[in-house]
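What follows is the residue order along each chain.
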Amino acid sequence: FLVSGSAIKAEIVGKLNISTILDNFNYQFSKIFPALYSEKAKTFEEPDIDNFAYDITFHSPNHIVHLFYPALYIAPGSNIKGKYLPKDNHIDLSVKSDSLRYKTMEFTDLELEQILENDKVRADYKISRFQYSDSLYFDSIIFNTNGGNNQLDHILTWKELAHNKTSKISWDTHVKDSDHY
């Protein structure tokens, strides 16, 4: 499946069953965060039909984006790609953009990688600069998350170029069901 025009090029290769894809995604996520899902999602049998890769490049997206979100800017050439392989219990997502802006916030040289495999999740996000306002910004941001079975471990680092220092924060997240908070 290919859609191509002046604003976007989107390609999906493989098989996709619209009627079961949400159940399949729920099954995948329920293996990582079982506390958030019912027993039905935990035991869902994923069908063999869903198996695809996608690649979307935004050539000049802002004509369309500004109709719905006027304060959002997406740099031309921004790309989203990934694949879904349910037999391998694998979902991955990659996002790359020279710039994303929303109101006064801007992300420069953005690279996001997210992988769900079996009962584990891994996220690696790299941003050259996050500018929150005229005077508040962070450089060389790296955010990593690893986990599974309702537990996530996070590390966030950034550099202060003016002082040649690196700062780091780490924390754990424990996901609980709605009865235990």
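Preceding this section is the structure that the text describes.
Throughout this document, residue positions are counted from 1 along each chain, in the order its sequence is written. pLDDT decides what is reported in this predicted model: residues at 70 or higher carry local features, side-chain atom pairs at 80 or more are listed and counted, and totals for whole chains, interfaces and linings draw on all residues regardless. Just so you know, side-chain values use all the structure's heavy atoms and leave hydrogens and water out.

(A) Broad picture of the packing of aromatic side chains. Two rings belonging to Phe, Tyr or Trp (six-membered ring only in the last case) form a pair when the distance between their centres is within 6.5 Å. Interplanar angles under 30 degrees mark stacking, angles over 60 mark edge-to-face geometry, and anything in between is tilted. Overall, the coordinates contain 9 aromatic pairs when judged by the stated rule. Aromatic pair Phe107 and Phe130: ring centres 4.9 Å apart, planes at 25°, arrangement stacked. Separated by 23 residues along the polypeptide, Phe107 in strand 7 (residues 105-117) and Phe130 in strand 8 (residues 120-131) bring together distant segments of the chain. Relative accessibility thresholds used throughout: buried, under 20% of the residue-type maximum; exposed, over 50%; partly exposed, between the two (1.4 Å probe, protein chains only). Of the residues examined, Phe130 reaches a relative accessible area of 14% and is grouped as buried. Geometrically, the ring pair formed by Phe138 and Trp158 is edge-to-face, given 5.9 Å between the ring centres and 85° between the ring planes. Linking Phe138 in strand 9 (residues 137-148) with Trp158 in strand 10 (residues 151-160), this pair joins segments that are 20 residues apart in sequence. Take Trp158: its relative accessible area is 17%, and that puts it in the buried class. Taken together, Phe107, Phe130, Tyr132, Phe138 and Trp158 form an aromatic cluster joined through their ring pairs. Charges are assigned to positions over rings by a cutoff of 6 Å between ring centre and Lys NZ or Arg CZ, combined with an angular limit of 35 degrees from the ring normal. One residue, Arg129, lies across the ring of Tyr137, its end atom 3.9 Å from the ring centre. Secondary structure elements follow DSSP: runs of H or I no shorter than four residues count as helices, runs of E no shorter than two count as strands, and numbering proceeds from the N terminus.

(B) How the structure looks around the environment of Gly5. Topologically, Gly5 is positioned in the loop between strand 1 (2-4) and strand 2 (8-15). Each C-alpha atom of the pair Gly5 and Phe138 lies 36 Å from the other, and the pair is 133 residues apart in sequence.

(C) Looking closely at the environment of Tyr137. Position of Tyr137 among the secondary structure elements: in strand 9. Taking the relative accessible area as the measure of exposure, Tyr137 reaches 39% and is therefore partly exposed. Taking the C-alpha atoms as reference points, Tyr137 and Pro86, separated by 51 residues in sequence, lie 40 Å from one another. Once you skip the residues sitting within four places of it in the chain, Tyr137 turns out to touch Arg129, Phe130, Gln131 and Tyr132. Whether two residues are in contact is decided by their heavy atoms, any of which lying within 4.5 Å being enough.

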